[in-house]
Amino acid sequence: MKLRPLLAMTSGFLAALAVTTAAAKPLSQEDLSVAEVLRDRALESSDAYSIVESLTVEVGPRPAGSEGDRRAVAWAQEKMKALGFDRVYTEQIEVPRWNRGHAHARVVSPFPQPLVVSSLGYSVGTPEEGLTAEIVEFSDVSELIEAPAEKVRGKIAFINKRMERTRTGEGYGPAVGGRSRGMRAAAEKEAAALMIRSVGTDSDRFAHTGMMSIDGVENPVPALALSAPDANLLEAMLERGQPVVVNLDVHNQRLEDGPSFNVIGEITGRENPEEVMIIGAHLDSWDEGTGALDDGAGVAIVMETARMIAELPQRPRRTLRVILYGAEEIGLVGAKQYVERHQGELDNIIAVSESDFGAGKIWRFDTRLPETKFDIADQMMQLLAPLGIKRGNNQSSGGPDSSVFVARGVPAFGLYQDGTDYFDYHHTPNDTLDKVDPEILKQNVAAWVVMSFLASEMEGDLGRVPTEN
């Protein structure tokens, strides 16, 4: 059986694709051959870099609910239409909003000097005149939680937890608890403020911002991240056995809740348009960099993937839906509200996947599938392996936003990038376009277009996966 005509391609290109269909498999030889062509085209001519360049230059920082966020939503709709999506629309979400002001810190005694800090997301400010208090150090958030209140009361709690550098980013989990839970623990023990060693792997004098748990916290206290060199400095001062006193001057502003949006674009399925393969990234970013790695690169990868599939002479069997989630950085807000709004349609979602780990080379392919569907992943691996990708495990969440779907039983694919240096830049002013390599983005798109096309085109479905509930 010959391949369906690829009308836009040259006769030489068609000749290269001509194959015969192998014995019955979940993915036909014809579809695998089309995916192979898409993969090779991506390596030669995909242009994800121009998309992330446009986003960072024309929009820049885009915290949830901000003016930058509104510009990003408009940008995304215009870009999707220009890239040939069949349908482009938005769904409004409600988000908490916050404005960052200034944050200054300095050691008052015994060795006066300034410290480089950044407010954690949604931190309150100090009194107008600032505050001055002694530092009390904790090795991690658990030690702070277990400490007697009298040890913390009236002092600045300092969580000094280093993050381990790994390819997978698995060092993030043990370190991020200080950021997410530290302020709550400090407030409960009536601390004057919280400072944490930045959740990052760099030695630059940049602090890493990020969200923390704020819901239901009575009398929240100012919460700051220290750059790694300044955390080292504070650590060295404390080792000298003298009380270390720090002055903080922090001005931030919590605003009324307001709207943001999930931006959604579709390549409509030709046979089963009600069935959907979802690929996504998050559109929002923190405010201190331009969000090139987190998550501008992901936005570019999934949009370019859809563009390449849209250029085929016919649409895939089912709908390919690209969701650019709003307000991921402050708690997966867009994904949670999307799933809640569409919970009656989840059985029609064949699988989900998200690109949200920077712009490194993809090296591993994970899944979250029933065991009876592993042969589909094995067939996909035939085309992913030449890209330097190896088979991983079957525990994928599909990415942060995708995890909300997986918790409801939706299968997932995970194309994981090399994150060795991702947390050098994560949530810092240094998250900028120069960290993105155009050639590595092509490899990303090549992998994504293989997975996305085959999932959209395959016959049958992927079943459901067990949930933890």
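A few points on the structure.

Conventions used here
Residues numbered from 1 in each chain as written. Predicted model: local features only at pLDDT ≥ 70, side-chain atom pairs only at ≥ 80, totals over all residues. Heavy atoms only, no water. Core = buried A, V, L, I, M, F, W, Y, C linked by side-chain atoms within 4.5 Å. Buried < 20%, exposed > 50% of the residue type's maximum accessible area, 1.4 Å probe, protein only. Helix = DSSP H or I, 4+ residues; strand = E, 2+ residues; numbered from the N terminus. Contact = heavy atoms within 4.5 Å. Pairing = 2+ DSSP bridges. Axes fitted to C-alpha atoms, helices over the stretch in contact; angles between N-to-C directions. Parallel < 35°, antiparallel > 145°, perpendicular 65-115°, else oblique. Left-handed = near helix turned anticlockwise from the far one by under 90°. Nonpolar A, V, L, I, M, F, W, Y, C, P; charged D, E, K, R; others polar. Salt bridge = Lys/Arg side-chain N within 4 Å of Asp/Glu carboxyl O.

Focus on the nonpolar core
If you look at the biggest cluster of nonpolar residues, it comprises 114 residues, and the most contacted ones within it are L283, L324, F365 and F413. For this core, the element with the highest residue contribution is helix α9 (residues 292-310), accounting for twelve residues. With sequence-adjacent residues up to four places away left out, L324 is seen in contact with A76, M80, F261, N262, V263, A281, L283, V299, V302 and M303. Among the nonpolar cores identified, the runner-up in size contains 22 residues, and A105, A193, L226 and A231 belong to it.

With respect to the pairing of strand β14 (residues 362-368)
Counted residue by residue, β14 has seven buried out of seven residues, so it is predominantly covered. Examined bridge by bridge, β14 and strand β16 (residues 412-417) share six bridges and lie antiparallel to one another. Of the residues in β16, the one forming a bridge with D366 is G414. Bridging between β14 and strand β15 (residues 390-391) involves two bridges; their strand directions are parallel. Considered in β15, the bridge of R364 is made with K390.

Some remarks on unusual backbone geometry
The residue after S109, namely P110, is reached through a cis peptide bond having omega 10°. Considering the arrangement of structural elements, one finds P110 in the loop between β2 (103-109) and β3 (113-115). At the junction of D294 and D295, the peptide bond is cis and its omega measures out at 10° in the coordinates. Tracing the sequence through the fold places D295 in helix α9. Of note in the backbone geometry, L332 takes a positive phi value of approximately 55° without being a glycine.

Comments concerning the packing of helix α3 (residues 48-58) against α9
For any two helices packed against each other, one specifies the inter-axial angle together with the distance between the axes. One can describe the packing of α3 onto α9 by two numbers: an axis separation of 8 Å at closest approach and a directional angle of 135°. In terms of axis orientation, α3 runs oblique to α9. Like other packed secondary-structure pairs, α3 and α9 cross with a definite hand, here right-handed. Between α3 and α9, the contacting residues are A48, I51, V52, L55 and T56 on the first element and A292, G296, A297, V299, A300, I301, M303 and E304 on the second. Taken together, the residues that form the contact of α3 with α9 break down as ten nonpolar, two polar and one charged.

Considerations on the pattern of salt bridges
Applying the stated criterion across every chain, the model contains 28 salt bridges. Between R270 and E457 there is a salt bridge, and its shortest N-O distance comes to 2.8 Å. Taken together, the residues span a long stretch of sequence, with R270 in the loop between β10 (253-267) and β11 (272-282) and E457 in helix α14 (residues 438-457) at a distance of 187 residues. On the basis of relative accessibility, which here comes to 1%, the residue E457 falls in the buried class. Across the salt bridge formed by R317 and E271, the nearest N and O atoms sit 3.0 Å from each other. Within this pair, whereas R317 is found in the loop between α9 and β12 (318-325), its partner E271 is found in the loop between β10 and β11, the two being separated by 46 residues in sequence. Each of the salt bridges in this network shares a partner with another, and the network as a whole consists of R270, E271, R317, E457 and E459.

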